[in-house]
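Given next are the chains, with one letter for each unit.
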Amino acid sequence: MSASSADIYLLDVDANMKPSGEPRRVTFDGANIASLAWDPDGDHLYFSSDRSNQSSAQTIWRIEVGHEGAEPISWGRAGPAH
C-alpha cells in the first residue's frame, strides 16, 4: 500500500464475504497512511501514519474496534532510516 491522504473505514462482511451494513469511519483527519494490519484476535487495527504532526516520521497507531480514536504506540524518528 502506498502512502496517501485518507481515512480508514471498516465494513463488516458475512460468511460469504458479502458486505453487511454500512462502512464505519474510524479516522477523521485525512492524514497519510502507509500500512494497515489487524492484531491476531481482530480486536485492534494498527496503522502507520504521520498524523501526529510531530515530524514527517511515521508513527504506529492502534485503534480498538468499536471505540473512537486512535492512540500512538510508537513514535517515529526524524532523519534517515538505518
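Residues numbered from 1 in each chain as written. Predicted model: local features only at pLDDT ≥ 70, side-chain atom pairs only at ≥ 80, totals over all residues. Heavy atoms only, no water.

### Notes on the overall build of the chain
Then, number 1: Assigned secondary structure in the chain consists of zero helices and seven strands.
Then, number 2: In the chain, the succession of helices and strands from N to C terminus is β-β-β-β-β-β-β.
Then, number 3: Across the 82 residues of the chain, 24% fall into the buried class.
Then, number 4: Within the chain, residue pairs in contact and separated by at least 24 positions form 21% of the contacts whose partners lie at least 6 positions apart. (Helix = DSSP H or I, 4+ residues; strand = E, 2+ residues; numbered from the N terminus. Buried < 20%, exposed > 50% of the residue type's maximum accessible area, 1.4 Å probe, protein only. Contact = heavy atoms within 4.5 Å.)

### Notes on the environment of Trp 38
Then, number 1: Inspection of the secondary structure puts Trp 38 in strand S4 (residues 32–38).
Then, number 2: Residue class for Trp 38 comes out partly exposed when judged on its relative accessible area of 47%.
Then, number 3: Along the primary structure Trp 38 and Ile 63 are separated by 25 residues, whereas in three dimensions their C-alpha atoms are 9.7 Å apart.
Then, number 4: Apart from residues lying up to four places away in sequence, Trp 38 is in contact with Leu 10, His 44, Leu 45 and Val 65.

### As for the pairing of strand S5 (residues 44–49)
Then, number 1: In terms of residue burial, S5 counts as a mostly covered element, since five of its six residues are buried.
Then, number 2: Bridging between S4 and S5 involves five bridges; their strand directions are antiparallel. Paired with Ser 35 across the strands is Ser 48, a residue of S5.
Then, number 3: Linking S4 to S5, which pair antiparallel, is a turn of five residues; within it Gly 42 sits at a positive phi near 75 degrees. (Pairing = 2+ DSSP bridges.)

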